[in-house]
Amino acid sequence: METETAAGLQPLAERMRPRALNEFIGQEKLLGTGKPLRVQIESDNLSSMLFWGPPGCGKTTLARLIARLTRSEFVSFSAVLSGIKEIKEVMAEAEKRSRSGARTIVFVDEVHRFNKAQQDAFLPHVEAGHILFIGATTENPSFEVISPLLSRTKVYVLEALTTPQIVELLRRALEDTEHGLGGENVDASEDVLFRMAAFANGDARAAYNTLELCVRSAREEWPATGDHRPVKDGRSRLEADATKTGESAKSTDGGSTEQPASEGGPYKGKKRITADLLEDVLQKKLLRYDKTGEEHYNLISALHKSVRNSDPDAALYWLARMIESGEEPLYLARRMVRMASEDIGLAEPGALAVTLAAKDAFDFLGAPEGHLALAQAAVYLSLAPKSNALYVAYGRVMEDVEKTEAEPVPLHLRNAATGLMKNIGYGEGYKYAHDFEEKVTEMQCLPDNLAGRTYYKPTDQGFEARLRAKMAEIGKTRKRVGS
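Everything quoted here is computed from the prediction, not taken from an experiment.

Enquirer: Where do I start with the packing of helix α16 (residues 329–344) against helix α17 (residues 350–365) in this structure?
Expert: Angle between the axes and distance between the axes are the two parameters that describe a pair of packed helices. The contact between α16 and α17 brings their axes to 8 Å, and the two run at 175°. By the angle between their directions, the pair α16 and α17 is classed as roughly antiparallel. Contact with α16, carried on its side by Pro329, Leu330, Ala333, Met336, Val337, Ala340, Ser341 and Ile344, involves Ala351, Leu352, Thr355, Leu356, Lys359, Phe362 and Asp363 of α17 and no other residues of that element. Class assignment of the residues belonging to the contact of α16 with α17 gives a composition of eleven nonpolar, two polar and two charged.

Written out as structure tokens, the structure reads:
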């Protein structure tokens, strides 16, 4: 069993580790009610596993939580400190415990740093069931874990925490008087907590460390008129002190002369975490931004309109402004996917593929490396030929869907799946285009009340110029075939 550091010396991130599954934030796909991993933990019926995910997403916390909830000995290994000799000694102890019916969870953090010989040392004990092996890695286990060990473990993919989830963790830390900072009398606005969480880039440990450093760096603010909290006889503490000493308990500058004491211990002045303090701690300028307010919509509007106006420099600037202000990068990726269809469409069909690839690249790389993929997409969209023909066409279609009667599908377009359907006219008059030399017929495919409607009108920009010519050619062919 690993030794634990005294609680007073532990970092905030260590003290705030959840002690029950309901306290665990994030990873709902794995730990939500009824999900397989949660069911295994709750039923104490686990197998060896690997947690693969970015830093600070809860890999170590989840492993320790499993040990706590499944009545198991917990042994943690470090790739830096543990050699083959240490591993073999612990495995021998685990084997003894196994024979007496006790289970040992062996947790290997950063398992990708263990060499092949070190990983091999665990293998026979995993096979024999002497230990429950849990490995954690930020690297793809397919390349970093030896095949025999990988084949005997279940890989669970953990996701980076979202900014709102980290804000919730920070709020808990400020309110928790037993393990967190609840006794520190800290005042932090939602905006400051959001900034702090955003700069953590999904890493809860980094967010906790920033919060703890801010609290340590904050100056205690004392009321200008001293401490007027009541004591047992109803008088203010300053009045009580003055009665005892015969002098005013106020200092000449209007503040208290010393830190007053409460019945339960020393009274703590308020520690206010401001944007300026956070900026000093992070050593990074905080840009003006409100994720849910006007500035959010102003910036995304500027990015979208810069792309639409084919201005790659402006698009890059507004993209960087939003990223550095703490915007969720995947929100920006989703907006650029929208731009690819709304403002470029079929003038450059590859735009949609580029934006989706940028989204996948960010998913794969994370921050900050993935930011470059988003920048690439923004520049590509800016320089691509522009057309809103598809956007306009879909709008026309929606207008007709809403305003015209929903006529039934024409009989000749219906599929005659049974003899009865065929007898009542389903499929009668249908013309199979492949049976015709030019692959086009004059057959009407819109309902009668919308016959002849033209929704999509391609421009002469980019690939749409070819589509425009093709549509004109199809129109001529249709008329010729019909005559």
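Enquirer: Just checking my understanding: could you explain helix α19 (residues 389–403) for this structure?
Expert: Because the α-helix completes a turn every 3.6 residues, residues three or four places apart line up on one side. With 15 residues, α19 ought to run about 21 Å at 1.5 Å a step, and its terminal C-alpha atoms sit 21 Å apart, in line with that. Considered for burial, the residues of α19 that qualify are Ala389, Ala393 and Asp400. Buried residues of α19 fall within an arc of 30° about the axis and therefore sit on the same side. Facing away from the buried surface of α19 by more than 90 degrees, the exposed residues are Tyr394, Val401 and Glu402. Buried residues belonging to α19 abut α21 (463–482).

Enquirer: What's the story with the pairing of strand β3 (residues 104–108) in this structure? I'm lost.
Expert: Within a regular beta strand, the side chains point alternately toward one face of the sheet and then the other, so they alternate between its two faces. Of all the five residues making up β3, five are buried; the element is thus mostly covered by neighbouring parts of the structure. The alternating pattern of β3 places Thr104, Val106 and Val108 on one face and Ile105 and Phe107 on the opposite face, and all of these are buried. Across five bridges, strand β2 (residues 73–77) lies against β3 in parallel orientation. Bridging across to β3, phenylalanine 77 finds its partner in valine 108.

Enquirer: For this particular structure, what's the right way to read the pattern of salt bridges?
Expert: Side-chain pairs of opposite charge can arise whenever the charged atoms involved come near each other. With the rule as written, the count across this model stands at 26 salt bridges. Residue aspartate 360 pairs with lysine 359 through a salt bridge whose shortest N-O separation is 3.5 Å. Note on aspartate 360: relative accessible area 45%, which makes it partly exposed. Overall, the relative accessible area of 32% leaves lysine 359 in the partly exposed class. Three or more residues joined by partner-sharing salt bridges are found here, namely Glu168, Arg171, Arg172 and Glu190.

Enquirer: Explanation requested: the environment of glycine 56 in the structure shown.
Expert: Along the chain, glycine 56 turns up in the loop between β1 (49–52) and α4 (59–69). For glycine 56, a relative accessible area of 11% gives the class buried. Sequence-distant contacts of glycine 56, defined by excluding residues within four places in its chain, comprise Leu161, Gly202, Asp203, Ala204 and Arg205.

Rules used in this analysis
Residues numbered from 1 in each chain as written. Predicted model: local features only at pLDDT ≥ 70, side-chain atom pairs only at ≥ 80, totals over all residues. Heavy atoms only, no water. Axes fitted to C-alpha atoms, helices over the stretch in contact; angles between N-to-C directions. Helix = DSSP H or I, 4+ residues; strand = E, 2+ residues; numbered from the N terminus. Parallel < 35°, antiparallel > 145°, perpendicular 65-115°, else oblique. Contact = heavy atoms within 4.5 Å. Nonpolar A, V, L, I, M, F, W, Y, C, P; charged D, E, K, R; others polar. Expected span 1.5 Å × (residues − 1). Buried < 20%, exposed > 50% of the residue type's maximum accessible area, 1.4 Å probe, protein only. Arc of directions from axis to C-beta. Pairing = 2+ DSSP bridges. Salt bridge = Lys/Arg side-chain N within 4 Å of Asp/Glu carboxyl O.

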